[in-house]
Amino acid sequence: MKSQSSDYAIDLHDVRKIYRGKIHALRDIQMQVHPGEIFGLLGPNGAGKSTLVKIMMTVVRPNRAHGTILGKSIGHKRTLARVGYLPEHHRLPSYLTGQQVLEFYAALAHVPGGVRKKRSRELLKTMGMDDWGNKKVSSYSKGMMQRIGLAQALMNDPDLIVLDEPTDGVDPVGRRDIRDVLLELREMGKTIFLNSHLLSELEMVCDRVAILVQGEVATQGTLDDLTRESQRYEIIIAGTAPSWIETKSGLRAETLDDDRCKVIIMGADPQPIQTVLDQLRQENRIILSVQPVRETLEDLFMRAITDPATGEISSPGASPNSNRKSKGVRA
Amino acid sequence: MRQFLALIFDAYRELNSKKLFWIILVLSGLTVLVYASIGFNDTGMSLFFGLMDIENEMLTKDSFLSRILYRSIFSTFMIGIWLTWIATILALISTASIFPDMVSGGSIDLLLSKPIGRIKLFFFKYIASMLFVVLQVSIFCVGVFFCLGLRLNDWEWRIFAAIPLVTVFFSYLYSICVLFGVWTRSTLTALLLTFLLWFCTYSINATEAVVNMFKIQFTMEVEAFDEEIATLQNNEVQDNGAIESRLETIQTERDERQVTIDKIDRWHQPVRITQTILPKTGETIALLDRWLRRETDINMMDIFTGGVAMDDQGDFQRAQSRDEDREVERRLEAEYEARSEYFIIGSSLAFEAVVLALACTIFVRRDF
């Protein structure tokens, strides 16, 4: 695992993992995460997301991995003192209380005793678990486990926080709380690497995302960058679509029902729609609504996992075929 | 150090949460209590703090036999049966799940993501797991120490040697349990395979003892024949024909025995090599008896087996009898006692080191 100096919080190059010599879980992953951003990793089941996270956290050994985490080569153990991690389906020792869990994992992360006590109390409060801190973890609900797990990841006041499905099993209020915590952490300058299936949640908090499909990065970038091509304005008017629409480039119309139609103007620039609106008014058309539209993360995700040639959605799981070519929607 | 202490505290809390830990502790306490309840008075022996009296003029207070009995109960039953077998089996059951639990999904991720190397984590956890036995044996030893001190006015500090000795003995078996636990990730499989290997070790030791006993027996016969041959050759009786004939017969029988010894040796050598490689569980525990024994000590087994006998003055003396069985036993015992502590513990620890190295390699190289 070679290192190279980097300004990124996470800078991965050529990360490769092959299980049992034939299952290509990760194929030469290139991924960069900027300091102080929330980065979302998404992909279908078996795409290699957890393997990638586990390689970063030294739980899985890669076949090849170049790059850095917080400026140190991947696998550098001491750097992990500056990283907080919440694994998916984590199992906390059931014989410990919430506070003991926090203190135990913090001690393993070299957090001094006095700091552990103080910080565990603060985090229990932040996570809304202060009444449960002295109760055994075995009595916790799944949502509570998740909150304690997240608190555990923050005990060492990490610069980088890696969270694998942090809102799994958490109720809507809890999700909002966790979201708020993540945004607060970003305000504090922390880098957050988020692996989640909940696209709507990622969309709400992530600055940048990467989509992993069959062990390859299909696409990565800011949501704006990734959806720029799909950004458009939609004007809904009463009646049928004017005939001149189809003759102009960048414009198209769709009939919604007998009384309404939609005029679509491609692009994020609001200038071209002014002309269209003027024209429609001149024709005394009733304008029902005008709104800017862009692709959702779900649309982007579906596009990334769909083969453009066949229109088929990628089969889940890593492929044993080592010659798979990327079909991504790279931005 | 901070990480090590965290794992030690964690191990303590884990044990604390296990019912079996407390059950064994209570049973240990009861064993010591029963031991403490044995007393001697002017008429004989009392059990359960005087609830039951056994009148016996030889087992009166401060009598030689009562001291022997009390110490023998400790070495034979409390060490030989309780600590060696029952407490060890229960300790293995209690601790067998520690490593499979640690390497289970979700749990290992949290540990490995901390700034602690896998080798360090493995050995810290291993040492922390020993806490179970250290605590149990320590409490047990303190109890026994006071029993011996208060009952016999025998403040035997060497009893505390049982703490490292039993811990080392347990560690031989636990290393096997850890290897299979890390390898299969199954507590039950690890436990069953450990018991199986323990049974194999026990069988090999027993086989070696039996084979060795036969070898000594035949060697003694050869020695007897050699003695007789020497006597006959030095005999100045004139009947040379009879002597020659007798010599020939003895020589034939001697050679037959020697052939048998050679045959036994062919079996004995591989068994002995295997025994050398495997951990010496029984011999390790027997070291405690060796360390605690004094020159003048006589134990109940000596009395039961006739190794000692009462003389005309009513004192016990080592029996002078040279009968064959006893001589075989004596030689066998002498041979085992000639094996140094360094060899017994060292070779067993070497086995443990190999097993742990294997387990650690699996742990370090595995993707979780």
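Enquirer: What exactly am I supposed to notice about the overall build of chain A here?
Expert: In terms of regular secondary structure, chain A is built from nine helices and 14 strands. For the C-alpha atoms alone, the extent of chain A along its principal axes is close to 75 × 50 × 35 Å. The buried share of chain A, taken over its 331 residues, is 52%. Pairs at least 24 residues apart make up 70% of the contacts formed inside chain A by residues separated by at least 6 positions. Total accessible area on chain A stands at roughly 15,100 Å², and carbon and sulfur atoms take up 47% of it. If the 45 positive side-chain charges of chain A are averaged to one point and the 41 negative ones to another, these points end up 10 Å apart.

Enquirer: Hey, could you run me through the nonpolar core in this one?
Expert: The nonpolar side chains of soluble globular proteins are, as a tendency, buried together. If you look at the biggest cluster of nonpolar residues, it comprises 174 residues, and the most contacted ones within it are Met-31 and Phe-193 of chain A together with Tyr-35, Tyr-174 and Phe-363 of chain B. The next biggest cluster of nonpolar side chains, apart from the first, holds 13 residues, and it includes Tyr-233, Ile-265, Leu-277 and Leu-280 of chain A.

Enquirer: It is not clear to me how the interface of chain B and chain A should be interpreted in this structure. Could you clarify?
Expert: Accessible area lost when the parts come together is the quantity often used to give the size of an interface. Taken together, the 28 residues of chain B in the interface contact 31 residues of chain A. Here chain B and chain A share two salt bridges between them. Salt-bridge contacts for Asp-367 of chain B lead to Lys-17 of chain A; the nearest nitrogen and oxygen are separated by 2.5 Å. Viewed at the interface, chain A and chain B are joined by 20 residue pairs in polar contact (both at pLDDT 80 or more). Every element with two or more residues in the side of chain B that touches chain A is listed here: α1 (2-17), α5 (107-112) and α14 (341-365) of chain B. Element by element, the count of residues in the side of chain B that touches chain A is highest for α1 of chain B, at eight residues. Looking at the side of chain B that touches chain A residue by residue, the class counts come to nine nonpolar, eight polar and 11 charged.

Enquirer: Teacher, can you tell me more about the pattern of salt bridges here?
Expert: Any two side chains of opposite charge can pair if their charged atoms end up close together. Residue and element names in this part refer to chain A. All chains considered together, the criterion is met by 40 salt bridges over all chains. Between Glu-37 and Arg-208 there is a salt bridge, with its nearest N and O atoms 2.8 Å apart. Linking Glu-37 in the loop between β2 (23-33) and β3 (38-42) with Arg-208 in strand β9 (residues 208-213), this pair joins segments that are 171 residues apart in sequence. The salt bridge involving Glu-103 is made with Lys-117; its shortest N-O contact spans 3.1 Å. Taken together, the residues Glu-103 in helix α2 (residues 98-108) and Lys-117 in helix α3 (residues 113-126) connect sequence positions 14 residues apart.

Enquirer: Hey, could you run me through the packing of helix α3 (residues 64-95) of chain B against helix α7 (residues 131-152) of chain B in this one?
Expert: Helix-helix packing: each pair is described by the crossing angle between the helix axes and the interaxial distance. Residues and elements named next belong to chain B. In contact at an axis separation of 11 Å, α3 and α7 are set at 165 degrees when each is read in the N-to-C sense. One element, α3, and the other, α7, form an angle in the roughly antiparallel class. The chirality of how α3 crosses α7 is right-handed. In contact with Arg-67, Tyr-70, Arg-71, Phe-74, Met-78, Trp-82, Leu-83, Ala-91, Ser-94 and Thr-95 of α3, α7 contributes Phe-132, Val-133, Val-137, Phe-140, Val-144, Cys-147, Leu-148, Arg-151 and Leu-152. Of the residues belonging to the contact of α3 with α7, the class tally is 14 nonpolar, two polar and three charged.

Enquirer: I would appreciate a short explanation of the sheet that holds β9 of chain A in the present structure.
Expert: Residues and elements named next belong to chain A. What the six strands build is an open sheet, ordered β6-β7-β8-β3-β9-β10; its pairing is mixed. Every other strand in the sheet has two partners, leaving β6 (83-86) and β10 (216-222) as the edge strands with one partner each. For this sheet, the mean angle separating the axes of adjacent strands, direction not counted, is 15 degrees. Pairing analysis gives six bridges linking β9 to β10, with the strands arranged antiparallel. Pairing of Ile-211 across the sheet is with Thr-219, part of β10. Those strands touched by helix α1 (residues 49-56) are β3, β6, β7 (160-164), β8 (191-195) and β9, and its axis lies near 145 degrees from that of β8. Packing of helix α4 (residues 142-154) onto the sheet brings it into contact with β6 and β7, and relative to β6 it is tilted by some 165 degrees.

Enquirer: What is the right way to read the domain arrangement of chain A from this model?
Expert: Structurally, chain A comprises domain 1 (10-226) and domain 2 (232-293). Once you take the C-alpha centre of each, domain 1 of chain A and domain 2 of chain A turn out to be 45 Å apart.

Enquirer: How should the pairing of strand β1 (residues 10-19) of chain A be read in this particular structure?
Expert: Looking along a regular strand, one sees the side chains alternate between the two faces of the sheet. All names here are of chain A. Judged by how many residues are buried, β1 sits mostly within the fold: seven of 10 residues are covered. Pairing of β1 with strand β4 (residues 64-69) involves five bridges; the strand directions are antiparallel. Within β4, the residue paired with Asp-11 across the bridge is Thr-68. Of the strand pairs in this sheet, β1 and β2 are connected by seven bridges, and their pairing is antiparallel. Within β2, the residue paired with Leu-12 across the bridge is Met-31.

Enquirer: Hey, could you run me through the sheet that holds strand β2 (residues 44-47) of chain B in this one?
Expert: One key point about sheets: their strands pair by backbone hydrogen bonds, in either a parallel or an antiparallel sense. Residues and elements named next belong to chain B. Across the sheet, three strands lie side by side as β1-β2-β3; this open sheet has antiparallel pairing. Among the strands making up the open sheet, the edge pair consists of β1 (39-40) and β3 (52-55). In this sheet, β2 lies alongside β1 in antiparallel orientation, the contact comprising two bridges. Counted as the bridge partner of Gly-39 is Ser-46 from β2.

Enquirer: Mind showing me how you'd approach the state of the cysteines here?
Expert: Think of a disulfide as a covalent bridge from one cysteine sulfur atom to another cysteine sulfur atom. Across all of its chains, the model carries zero disulfides over all chains by this definition. Here Cys-200 of chain B stays unpaired: no disulfide links it, and the sulfur of Cys-177 of chain B, its closest cysteine neighbor, is 15 Å away.

Enquirer: I would appreciate a short explanation of the pairing of β8 of chain A in the present structure.
Expert: Residue and element names in this part refer to chain A. Of all five residues in β8, five are buried; the element is thus mostly enclosed. Here β8 shows no split at all, with Thr-191, Phe-193 and Asn-195 on one side and Ile-192 and Leu-194 on the other all buried. Alignment of β7 against β8, held across five bridges, turns out to be parallel. Within β8, the position partnered with Ile-161 by the bridge is Ile-192. Once you follow β7 into helix α5 (residues 172-187) and on to β8, the crossover reads as right-handed.

Enquirer: What should I look at first to understand the packing of aromatic side chains in this one?
Expert: Aromatic ring pairs are reported here in terms of the distance separating the ring centres and the angle at which the planes meet. Residue and element names in this part refer to chain B. Evaluation of the coordinates by the stated rule reveals 26 aromatic pairs over all chains. The interplanar angle of 15 degrees and the centroid separation of 4.3 Å between the aromatic rings of Tyr-35 and Tyr-70 together place this pair among those described as stacked. Separated by 35 residues along the polypeptide, Tyr-35 in helix α2 (residues 19-37) and Tyr-70 in helix α3 bring together distant segments of the chain. Tyr-70 carries the same exposure label as Tyr-35, and that label is buried. Here the aromatic cluster, defined as three or more aromatic residues joined through ring pairs, consists of Phe-99, Phe-122, Phe-123, Tyr-126, Phe-170, Tyr-174, Phe-363 and Phe-368.

So, how was this worked out
- Residues numbered from 1 in each chain as written.
- Chains lettered and ligands numbered in written order.
- Predicted model: local features only at pLDDT ≥ 70, side-chain atom pairs only at ≥ 80, totals over all residues.
- Heavy atoms only, no water.
- Helix = DSSP H or I, 4+ residues; strand = E, 2+ residues; numbered from the N terminus.
- Buried < 20%, exposed > 50% of the residue type's maximum accessible area, 1.4 Å probe, protein only.
- Contact = heavy atoms within 4.5 Å.
- Areas by Shrake-Rupley, 256 points an atom, 1.4 Å probe, with all protein chains shown as cover.
- Lys, Arg positive; Asp, Glu negative; His and termini not counted.
- Charge placed at Lys NZ, Arg CZ, Asp CG, Glu CD.
- Core = buried A, V, L, I, M, F, W, Y, C linked by side-chain atoms within 4.5 Å.
- Salt bridge = Lys/Arg side-chain N within 4 Å of Asp/Glu carboxyl O.
- Polar contact = N/O pair within 3.5 Å; in protein donor to acceptor, adjacent residues only side chain to side chain.
- Nonpolar A, V, L, I, M, F, W, Y, C, P; charged D, E, K, R; others polar.
- Axes fitted to C-alpha atoms, helices over the stretch in contact; angles between N-to-C directions.
- Parallel < 35°, antiparallel > 145°, perpendicular 65-115°, else oblique.
- Left-handed = near helix turned anticlockwise from the far one by under 90°.
- Pairing = 2+ DSSP bridges.
- Domains from an automatic or database assignment.
- Disulfide = S-S within 2.5 Å.
- Right-handed = clockwise from strand over helix to strand, strands pointing away.
- Phe/Tyr/Trp six-rings, centres within 6.5 Å; stacked < 30°, edge-to-face > 60°.

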